[in-house]
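Spelled out from the first residue to the last, the chains are:
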Amino acid sequence: MSRLLKNTIVICAALLIAITLCARPVSTRVLFIGNSYTCFNEGIGGVLDGLAPGNESTQIAPGGYSLEMHWNDGTARKAMRPGKFKYVLLQEQSQNPIFSPAKFREFCAKFDAEIKKNGAETVLLMTWERPDSIAAGAGATTANLEKAFNAIGRELGIKVAPVGLAFERSLKNRPDIKLITGPDGHPTAYGTYLAACVIYATIFKKSPAGNPYSGGNISADIRAHLQLTAAKTLGY
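Everything numeric in this text was worked out from a predicted model, so none of it was measured.

Trainee: Which parts of the structure should I look at to understand the overall build of the protein?
Mentor: Assigned secondary structure in the protein consists of 12 helices and five strands. Buried residues in the protein amount to 47% of all 236 residues. Considering only intrachain contacts with a sequence separation of at least 6, the fraction spanning at least 24 residues in the protein is 74%. On the protein, roughly 11,300 Å² of surface is accessible, and the fraction owed to carbon and sulfur atoms is 57%.

This is the structure:
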């Protein structure tokens, strides 16, 4: 056997070993359908994958999109092949549940039927108050959002991930930890981490408290607070 052939075999074997070691077994696949609230800071799905290493998230989240826009666009529906995802998270445009409740209900129901047809489970991602909406007296308060999301959840028999309630709890207990970037309510890295912790507790049915994933450069103190806030919001 020539030296070149031997070297080629060694290199191929090394690459195969490296690929095998780096390959992460995937036990759960999650699809996020939302907008910039979902995809800011590399996305809620990215943090969820860090919290749950066996999870693999896909995000379809163009800025400003509503569920109606997603439905008419068709991209999200095409992504839902039978058996591909275990959970599909629906994140509506942040004010539509209050401003356009009929549209909110219509497209939650349409997506839920499509999700179930493809063998997955629907989860609604309850969003949080937007300061600009509250300042304008628009009524998109945490309490009103909770009422709107829970009503649809009960009607369709689907889970609600109460991210907005966790934001409210965190801001009450630790107002120094900023969860949003400005009046339009886009999340900071802390807000994205907290949202992912709530979703983790909702779909995996266990507390995120004590999870070692740092979310990048989030300090241990703030991480512990966010994890515990999510856990308490879900009753753990």
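Trainee: Where do I start with the environment of glutamate 168 in this structure?
Mentor: Within the fold, glutamate 168 resides in helix H10 (residues 163–173). Linking glutamate 168 and threonine 142, residues 26 residues apart in sequence, is a C-alpha distance of 7.4 Å.

Trainee: Whenever I open this one, the packing of helix H7 (residues 101–117) against helix H9 (residues 142–156) confuses me. Can you help?
Mentor: A pair of packed helices is characterised by two quantities: the angle between their axes and the separation of those axes. Two numbers describe how H7 lies on H9: the axes approach to 11 Å, and their chain directions differ by 40 degrees. Judged by the angle between their axes, H7 and H9 are oblique. The two elements H7 and H9 cross, and the hand of that crossing is right-handed. Facing H7, whose interface residues are Phe104, Arg105, Cys108, Ala109, Asp112 and Lys116, H9 presents Ala148, Phe149, Ile152, Glu155 and Leu156. Partitioned by chemical class, the residues of the contact of H7 with H9 number seven nonpolar, no polar and four charged.

Trainee: Is there a simple way to explain the packing of helix H3 (residues 44–51) against helix H11 (residues 189–204) in this structure?
Mentor: Relative orientation of the contacting elements H3 and H11 amounts to 60 degrees, with a least axis distance of 8 Å. The angle between the axes of H3 and H11 places the two elements in the oblique class. Read as a crossing pair, H3 and H11 show a hand that is right-handed. Mapping the contact onto sequence places Ile44, Val47, Leu48 and Leu51 in H3 and Thr192, Tyr193, Ala195, Ala196, Cys197, Ile199, Tyr200, Ile203 and Phe204 in H11. Classifying every residue of the contact of H3 with H11 by side-chain character gives 12 nonpolar, one polar and no charged.

Trainee: How should the pairing of strand S3 (residues 87–90) be read in this particular structure?
Mentor: Both faces of S3 are covered, namely the face carrying Tyr87 and Leu89 and the face carrying Val88 and Leu90. Two elements, strand S1 (residues 28–33) and S3, share four bridges in a ladder whose sense is parallel. In the strand pairing of S3, phenylalanine 32 is matched with leucine 89.

Trainee: I tried to follow the side chain of histidine 70 on my own but got confused; where do I start?
Mentor: Take histidine 70: it is sitting in helix H4 (residues 67–73). Residue contacts for histidine 70: discarding those within four places in its chain leaves Ile33, Gly34, Ile60, Pro62, Tyr65, Thr75, Ala76 and Phe111.

Here is what the cut-offs are and how they apply
Residues numbered from 1 in each chain as written. Predicted model: local features only at pLDDT ≥ 70, side-chain atom pairs only at ≥ 80, totals over all residues. Heavy atoms only, no water. Helix = DSSP H or I, 4+ residues; strand = E, 2+ residues; numbered from the N terminus. Buried < 20%, exposed > 50% of the residue type's maximum accessible area, 1.4 Å probe, protein only. Contact = heavy atoms within 4.5 Å. Areas by Shrake-Rupley, 256 points an atom, 1.4 Å probe, with all protein chains shown as cover. Axes fitted to C-alpha atoms, helices over the stretch in contact; angles between N-to-C directions. Parallel < 35°, antiparallel > 145°, perpendicular 65-115°, else oblique. Left-handed = near helix turned anticlockwise from the far one by under 90°. Nonpolar A, V, L, I, M, F, W, Y, C, P; charged D, E, K, R; others polar. Pairing = 2+ DSSP bridges.

Note that every value here comes from positions in space, so none of it alone points to a role or purpose.
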